[in-house]
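# Structural overview
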Amino acid sequence: TFIYDLLDRPLSPDLKLASLTIAHQQSPTDLITLGKLINTYSETNELEKAMIMADKLATIAESQNNPQQVGSAQLYQSEILSRKKLYELSSEKLNLAIEQFEKINDLKRQADAWLAQSRLDPDDDYQTVKSSLLKSAELAYQANDKPRELDALIYLSKMAYKHQQTGDSYHYLRQAE
């Protein structure tokens with residue numbers, strides 16, 4: 001109930017953080033609250049605290065034998081490491097997250113992870129970026145998740161345009177339409 005109330009009302013980041021911190025103290029093993037707390041710390045640019053909470057999420061999820069939340073924790077860690085410009089470590093966490101999502105055939109989260117992978121791929125290597133984004137779009141399509149599929153296709157169109165691949169750019173934009 002608390003999370004739904006929190007999501008239904010627009011709150012300042014500080015108030016949201018305070019509310020989530022209290023909720024986490026009351027229920028320290030609640031994985032959903034922990035995930036929202038990680039997001040809020042990231043939004044407020046408190047990356048060290050976000051990483052500590054992501055580590056905690058991974059530990060609790062492993063103890064509960066919950067591969068989806070283990071993967072989510074590793075995806076959070078990857079995002080935080082990317083923001084800190086620690087790309088090699090970020091890539092390692094991302095690969096671990098993909099493995100977790102593959103174990104349980106979570107296509108939506110796999111699509112998220114491949115989209116994140118495309119941002120870690122060398123920016124000057126269009127074919128590698130394209131491959132990651134096509135994988136993301138395909139997984140989203142298989143999951144029948146149109147918003148994720150659109151995100152991947154639109155980003156792919158943007159990257160194609162950036163690399164002077166206008167044919168690809170218009171092709172993926174038409175697919176998105």
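Whatever comes next refers back to the structure up there.
Structural notes, computed from the coordinates.

What counts, and where the lines are drawn
Residues numbered from 1 in each chain as written. Predicted model: local features only at pLDDT ≥ 70, side-chain atom pairs only at ≥ 80, totals over all residues. Heavy atoms only, no water. Helix = DSSP H or I, 4+ residues; strand = E, 2+ residues; numbered from the N terminus. Rg over C-alpha atoms; globule rule 2.2 N^0.38 Å. Buried < 20%, exposed > 50% of the residue type's maximum accessible area, 1.4 Å probe, protein only. Areas by Shrake-Rupley, 256 points an atom, 1.4 Å probe, with all protein chains shown as cover. Patch = residues over 30% accessible without salt bridge, like charges linked within 9 Å, V, L, I, M, F, W, Y side chains within 5 Å. Salt bridge = Lys/Arg side-chain N within 4 Å of Asp/Glu carboxyl O. Polar contact = N/O pair within 3.5 Å; in protein donor to acceptor, adjacent residues only side chain to side chain. Axes fitted to C-alpha atoms, helices over the stretch in contact; angles between N-to-C directions. Parallel < 35°, antiparallel > 145°, perpendicular 65-115°, else oblique. Left-handed = near helix turned anticlockwise from the far one by under 90°. Contact = heavy atoms within 4.5 Å. Nonpolar A, V, L, I, M, F, W, Y, C, P; charged D, E, K, R; others polar. Core = buried A, V, L, I, M, F, W, Y, C linked by side-chain atoms within 4.5 Å.

### Let's talk about the overall build of the protein
- When helices and strands are counted, the protein shows ten helices and zero strands.
- Going from the N terminus to the C terminus, the protein shows its helices and strands as α-α-α-α-α-α-α-α-α-α.
- Relative to a compact globule of 177 residues, whose C-alpha radius of gyration would be 16 Å, the protein shows 17 Å and is just as compact.
- Referenced to the eigenvectors of the C-alpha coordinate spread, the extents of the protein come out at roughly 55 × 35 × 30 Å.
- Sorting the 177 residues of the protein into buried and exposed places 44% on the buried side.
- Element-wise, carbon and sulfur atoms account for 50% of the exposed surface of the protein, whose accessible area totals about 10000 Å².

### Structural notes on a nonpolar patch on the surface
- Taken together, the side chains of L150, I154, Y170 and L173 make up a nonpolar region of the molecular surface, amounting to roughly 350 Å² of accessible area.
- Relative to the assigned elements, L150 resides in helix α9 (residues 146-162).

### As for the pattern of salt bridges
- This structure, assessed with the given rule, holds eight salt bridges.
- In this structure, the salt-bridge partner of E46 is K49, at a minimum N-O distance of 3.0 Å.
- Connected through shared salt-bridge partners, R109, D112, D145 and R148 make up one network.

### A look at the side chain of S132
- Structurally, S132 can be placed in helix α8 (residues 126-142).
- For S132, a relative accessible area of 4% puts it in the buried group.
- Of note is the side chain of S132, whose polar atom sits 2.6 Å from the side chain of D121.

### Focus on the packing of α8 against α9
- Relative orientation of the contacting elements α8 and α9 amounts to 160°, with a least axis distance of 8 Å. Considering the angle they form, α8 stands roughly antiparallel to α9. The interaxial crossing formed by α8 with α9 has left-handed handedness. Taken together, the residues of α9 that come into contact with α8 (itself represented by Y126, V129, K130, L133, L134, S136, A137, A140 and Y141) are K146, R148, E149, A152, L153, Y155, L156, M159 and A160.
- Among the residues forming the contact of α8 with α9, the class breakdown is 13 nonpolar, one polar and four charged.

### With respect to the environment of S136
- Residue position: S136 is located in helix α8.
- Those residues in contact with S136 that lie beyond four places of it in its chain are A111, W114, L115 and A152.

### Focus on the nonpolar core
- Residues L37, I38, Y41, M53, L57 and I80 are the most contacted members of the largest nonpolar core, which totals 19 residues.
- Counting only elements with at least two residues in this core, the list comes to α2 (13-26), α3 (31-43), α4 (47-63) and α5 (67-83).
- Here the element with the most residues in this core is α4; it accounts for eight residues.
- Membership of the second largest hydrophobic core comes to 13 residues, among which are V129, L133, Y155 and A160.

### Section: unusual backbone geometry
- Of note, N105 is a non-glycine position whose phi angle comes to about 55°, a positive value.
- The exposed category is assigned to N105, whose relative accessible area is 53%.
- Positive phi, close to 55°, is recorded for Q164, a residue that is not glycine.
- Examined against the element boundaries, Q164 turns out to sit in the loop between α9 and α10 (166-176).

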